[in-house]
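Report on the structure
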Amino acid sequence: MVVRIGSPISLLVPLLKRFHHLFDDRAFNVVPINQERDLKNPTKFNAPKGCKKGKIEYRLESSDEVDVWFMYPGHELAIEVKSIRSSEQDHRRGVFQCVKYRALMQAQSHVLKSNEKIRTMLVSEKPLSRKLTRWARILRVEVKVIKPLR
């Protein structure tokens, strides 16, 4: 008799998320946001008014996954999250991921004939370099630095 309990990876995910600070973020897709505290408090991220709670790993029509997504009719906020262990290269990628998400979400809005106000934000546990802060401003990517979870 064979008993299936799920894939070995799915069994490890809760442990990996709990001890994410011990791992390199490039090896594990870990969101350093306290889901219970932060996602139930959308005002912390200046999410659309009326929004009650965010969604983790929201899948766009392109199959890209936004780390955190807040939505209220007429407004959407896509958030790319980087941990304290993220490098300059990871932050640069995050800025451009936000640009990509905004373009994809605008395309979705156009196809669905909705008129959504779409924003993107890079949330990081450490400040971006001056260069990337300037790039984010030029590219209209909001940046928020949050206190690391420990």
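Residues numbered from 1 in each chain as written. Predicted model: local features only at pLDDT ≥ 70, side-chain atom pairs only at ≥ 80, totals over all residues. Heavy atoms only, no water.

Further remarks concern the overall build of the chain. A count of helical and extended segments in the chain gives 4 helices and 5 strands. N-terminal to C-terminal, the α/β element order of the chain is α-α-β-β-β-α-β-α-β. Evaluated residue by residue, the chain yields a buried proportion of 37% over its 150 residues. Within the chain, residue pairs in contact and separated by at least 24 positions form 54% of the contacts whose partners lie at least 6 positions apart. (Helix = DSSP H or I, 4+ residues; strand = E, 2+ residues; numbered from the N terminus. Buried < 20%, exposed > 50% of the residue type's maximum accessible area, 1.4 Å probe, protein only. Contact = heavy atoms within 4.5 Å.)

With that settled, consider the environment of A103. With respect to the helices and strands, A103 occurs in helix α3 (residues 88–111). Sequence spacing of A103 and I118 is 15 residues, and the spatial spacing of their C-alpha atoms is 9.2 Å.

Glycine aside, a negative phi is what most residues show, and trans is what most peptide bonds show. Located in the positive-phi region is K113, a residue other than glycine, with phi close to 55°. Structurally, K113 can be placed in the loop between α3 and β4 (117–124).

We now examine the sheet that holds strand β1 (residues 55–59). As summarised here, the arrangement of the 5 strands in space is β1-β2-β3-β4-β5, forming an open sheet in which the pairing is mixed. The sheet is open, and its two borders are formed by β1 and β5 (142–145), each paired with just one other strand. With strand direction ignored, the average angle separating the axes of adjacent strands in the sheet is 40°. Two strands pair when backbone bridges link them, and strand β2 (residues 65–72) and strand β3 (residues 75–82) are joined in this way by 5 bridges, in the antiparallel orientation. Bridge assignment links W69 to a residue of β3, and that residue is A78. (Pairing = 2+ DSSP bridges. Axes fitted to C-alpha atoms, helices over the stretch in contact; angles between N-to-C directions.)

For any two helices packed against each other, the geometry is given by the interaxial angle and the distance between the axes. It is at 10 Å that the axes of α3 and helix α4 (residues 130–138) come closest, and there the two elements cross at 5°. Taken together, α3 and α4 sit at an angle that is classed as roughly parallel. On α4, the residues that touch E88, H91, R92, V95 and F96 of α3 are L132, W135 and A136. Partitioning the contact of α3 with α4 into residue classes produces 5 nonpolar, 1 polar and 2 charged. (Parallel < 35°, antiparallel > 145°, perpendicular 65-115°, else oblique. Nonpolar A, V, L, I, M, F, W, Y, C, P; charged D, E, K, R; others polar.)

Together, R92, K131, R134 and R137 give the surface a local cluster of positive charge. Among the elements that line the positive patch, the one with the most residues is α4, at 3 residues. In this fold, K131 is placed in helix α4. Overall, K131 belongs to the partly exposed group, its relative accessible area being 41%. (Patch = residues over 30% accessible without salt bridge, like charges linked within 9 Å, V, L, I, M, F, W, Y side chains within 5 Å. Areas by Shrake-Rupley, 256 points an atom, 1.4 Å probe, with all protein chains shown as cover. Salt bridge = Lys/Arg side-chain N within 4 Å of Asp/Glu carboxyl O. Lys, Arg positive; Asp, Glu negative; His and termini not counted. Charge placed at Lys NZ, Arg CZ, Asp CG, Glu CD.)

Attention shifts here to the pairing of β4. Along a regular strand, successive side chains alternate from one face of the sheet to the other. The element β4 is largely enclosed, with a buried count of 7 among its 8 residues. Bridge analysis of β3 against β4 gives 8 bridges, and the strand direction is parallel. Bridge pairing links I79 to M121 in β4. At this point the chain moves from β4, through α4, to the parallel β5, and the crossover so formed is right-handed. (Right-handed = clockwise from strand over helix to strand, strands pointing away.)

Residues F45, A47, C51, V68, F70, L77, I79, V81, M121, V123 and I146 constitute the largest nonpolar core, which totals 11 residues. Tallying contributions element by element places β3 first for this core, with 3 residues. (Core = buried A, V, L, I, M, F, W, Y, C linked by side-chain atoms within 4.5 Å.)

Per-chain confidence: the chain averages 79 in pLDDT, with 72% of residues scoring 70 or above. For the chain, the element scoring lowest by mean pLDDT is helix α1 (residues 8–18), at 48; α4 scores highest, at 97. With pLDDT under 50 throughout, residues 19–31 is counted as low confidence; its partners more than four residues away or in other chains account for 20 contacts. (pLDDT = per-residue confidence, 0-100.)

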